[in-house]
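Listed below are the residues making up each chain.
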Amino acid sequence: GFGVVEEAATDLIARKQAEGVDAPWLERSFIADVIVLQRERLLRAVQAPEALQFHDRSAICTLALARFLDVDPPPVLQEEIRRLQDEAVFAPKVLMVDLLGFIAPTGARRISYDEALVFERLHVEAYRESGFEIARIAAAPVAERVEAVRRIVETV
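Here, residues in each chain are numbered from 1, in the same order as that chain's written sequence. Local features in this predicted model are restricted to residues whose pLDDT is 70 or higher, and side-chain atom pairs enter the listing and the counts only when it is 80 or higher, whereas totals over whole chains, interfaces and linings include all residues. As a convention, hydrogens and water are excluded, and side-chain values are obtained from all of the structure's heavy atoms.

1. Considering the overall build of the protein
Point 1. Per the convention used, a helix needs a DSSP run of H or I reaching at least four residues, while a strand needs a run of E reaching at least two, with both numbered from the N terminus. Broken down by element type, the protein carries six helices and four strands.
Point 2. When the helices and strands of the protein are placed in sequence order, the string is β-α-α-β-α-α-β-α-β-α.
Point 3. Out of the 156 residues belonging to the protein, those deemed buried represent 35%.
Point 4. Contacts: residue pairs with any heavy atoms within 4.5 Å of one another. Long-range pairs, those at least 24 residues apart, make up 69% of the contacts in the protein between residues at least 6 apart in sequence.
Point 5. Where accessible areas are quoted, they stem from the Shrake-Rupley method and a 1.4 Å probe; at the residue level, only the protein chains shown are allowed to cover. Summed over all atoms, the accessible surface of the protein reaches about 9400 Å², with 53% contributed by carbon and sulfur.
Point 6. When charges are counted, Lys and Arg are positive and Asp and Glu negative, with His and the chain ends excluded. One atom stands in for each charge, and that atom is NZ of Lys, CZ of Arg, CG of Asp or CD of Glu. A distance of 1 Å separates the average location of the 19 positive side-chain charges in the protein from that of its 26 negative side-chain charges. A simple rule labels every residue: compare its accessible area, found with a 1.4 Å probe on the protein chains alone, to the largest value its type can have, and call it buried under 20%, exposed over 50%, or partly exposed in between.

Structural data, given as structure tokens:
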């Protein structure tokens, strides 16, 4: 019953791979391209009637991705983060689902479990630096994670 805004990076990777680009995250424009798609989706979501929406990633996640890829955040990313903060687009509490203890590789996800732990840490750091509170969702069966999310959003 809640609105959901899909993740942009994975969709962008899939689109680029369908065009024959094996590792689009290595392209210079990748981070900026992710931001453009995220912003399009966010602007559409603002028009949606749902009072509560879940966003699978944000510009702050893209900052963590830039750090993980060891690339300088492009100006469009920095501008989008400032806009999100200035306009208080998101609730101050961010749901962070803990890793389940394994990684299932896909065409877009080619990192090891140890790399995923680093990526998770970079997300937490980026959100805290941006003034958000992290609400951790423990690794558990789906029904238990859903119930944990419900408990958290009742307080929003």
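2. As for the packing of helix H1 (residues 8-18) against helix H2 (residues 30-46)
Point 1. For helices, the axis comes from a line fit to the C-alpha atoms of the stretch in contact; other axes are also lines fit to C-alpha atoms, and the angle between any two N-to-C directions lies between 0 and 180 degrees. H2 packs onto H1 with a crossing angle of 120° between their chain directions and a minimal axis gap of 9 Å. Of the possible angle classes, the one that applies to H1 and H2 is oblique. Between H1 and H2 lies a crossing whose hand is right-handed. When H1 is examined against H2, the residues Ala8, Ala9, Asp11, Leu12, Ile13, Arg15 and Lys16 are found in contact with a partner set consisting of Phe30, Asp33, Val34, Leu37, Gln38 and Arg41. Our angle categories are set so that under 35 degrees counts as roughly parallel, over 145 as roughly antiparallel, 65 to 115 as roughly perpendicular, and the remainder as oblique. Handedness of a crossing follows from how the near helix is turned relative to the far one, being left-handed for an anticlockwise turn of less than a right angle and right-handed for a clockwise one.

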